[in-house]
Amino acid sequence: MEPEIKIVNVVVSTKIADSIDLEEVALILENAEYEPEQFPGLVCRLSDPKVALLMFRSGKVNCTGAKSKEEAKRAIKKIIKELKDAGFDVNENPEIKVQNMVATADLGIEPNLDEIAIYVDETEYEPEQFPGLVYRLDDPKVVVLIFGSGKVVITGLKNEEDGKRALKKILDTIKEIQEMDDDRDNRL
């Protein structure tokens, strides 16, 4: 059975205006925090969808915490509507671009991380510093954290399809290593 990929965080960016007065926005939006001495952007937390939006003077907005691109779009549309209703000159249909997606999965097996580290060049495994094996794939260009329990975290995704491809690559690699070990054991 194929392991199932679960998207746990989608980060998108967009530009809703050429410039925006964050002090003014902070007065209008609920759940908005603007403390320029601590962070140059305004932080607005929504409960539905449950996301955080970071808004900057340049009119750029980042949305993080969404479970899908659609959820992030919904959050941005919500903020745009509130700003428009308050009289702000904002772009109603900005281009929304996925910057990063994080997904989790369970391989359904307990991989031997030491062996993967020995056989696969693109990996780093230092269990005394971090319990997971770091596997940097080139295609798709993602970073995968593999844990001894079989749990996997994939970061740097641009879409869910790449997550599925990365997962297949990992499983194929683990299977190859197991087959090499079985061959070696049979020869001994």
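Please refer to the structure higher up on the page.
As the structure is a prediction and not an experimental result, all values here were calculated from the model.

Caption draft 1: Quick look at the pattern of salt bridges. What the rule picks out here adds up to 10 salt bridges. Across the salt bridge formed by R45 and E33, the nearest N and O atoms sit 3.8 Å from each other. Here R45, found in strand β3 (residues 42-47), pairs with E33, found in strand β2 (residues 32-34); they are 12 residues apart in sequence, far enough to count as distant. For R45, a relative accessible area of 44% translates into the label partly exposed. Judged by its relative accessible area of 40%, E33 falls in the partly exposed class. For the salt bridge of D48 with R74, the shortest nitrogen-to-oxygen distance reads 3.0 Å. Pair noted here: D48 is in the loop between β3 and β4 (50-55) and R74 is in helix α2 (residues 69-85), with a separation of 26 residues, a long-range link. If you follow the salt bridges from partner to partner, you end up with D139, D162 and R165 in one network.

Caption draft 2: Expanded view of the sheet that holds strand β6 (residues 97-106). In space, the 10 strands of this open sheet follow the order β2-β3-β4-β5-β1-β6-β10-β9-β8-β7, with antiparallel pairing throughout. Each end of this open sheet is capped by a strand with a single partner; those strands are β2 and β7 (123-124). Inspection of the sheet shows strand β1 (residues 6-15) paired to strand β5 (residues 60-66) by 5 bridges, in the antiparallel sense. Residue pairing for β5: T14 is matched across the bridge by V61.

Caption draft 3: Geometry of the nonpolar core. One finds I20, L53, M55, L83, V144, I146 and I154 to be the most contacted residues of the largest nonpolar core, which totals 52 residues. Setting aside anything within four residues of it in sequence, one finds I20 in contact with V25, M55, F56, R57, G59, L83, F88 and V90.

Caption draft 4: Layout of unusual backbone geometry. For the peptide bond that leads from D48 to P49, omega is -5 degrees, which places it in the cis range. At N31, a residue that is not glycine, the phi angle is positive and equals roughly 60 degrees. One can find N31 in the loop between α1 (22-28) and β2.

Caption draft 5: View of the state of the cysteines. For the structure shown, the criterion picks out 0 disulfides. The thiol of C63 is unpaired, and the distance to the nearest cysteine sulfur, on C44, comes to 9.9 Å. Residue C63 is classed as buried on the basis of its relative accessible area of 0%.

Caption draft 6: Focus on a nonpolar patch on the surface. Together, I118, Y119 and M180 give the surface a local cluster of nonpolar side chains, amounting to about 310 Å² of exposed area. Along the chain, M180 turns up in helix α4 (residues 160-187). Using a relative accessible area of 38% as the deciding quantity, one classes M180 as partly exposed.

How each quantity is defined
Residues numbered from 1 in each chain as written. Predicted model: local features only at pLDDT ≥ 70, side-chain atom pairs only at ≥ 80, totals over all residues. Heavy atoms only, no water. Salt bridge = Lys/Arg side-chain N within 4 Å of Asp/Glu carboxyl O. Helix = DSSP H or I, 4+ residues; strand = E, 2+ residues; numbered from the N terminus. Buried < 20%, exposed > 50% of the residue type's maximum accessible area, 1.4 Å probe, protein only. Pairing = 2+ DSSP bridges. Core = buried A, V, L, I, M, F, W, Y, C linked by side-chain atoms within 4.5 Å. Contact = heavy atoms within 4.5 Å. Disulfide = S-S within 2.5 Å. Patch = residues over 30% accessible without salt bridge, like charges linked within 9 Å, V, L, I, M, F, W, Y side chains within 5 Å. Areas by Shrake-Rupley, 256 points an atom, 1.4 Å probe, with all protein chains shown as cover.

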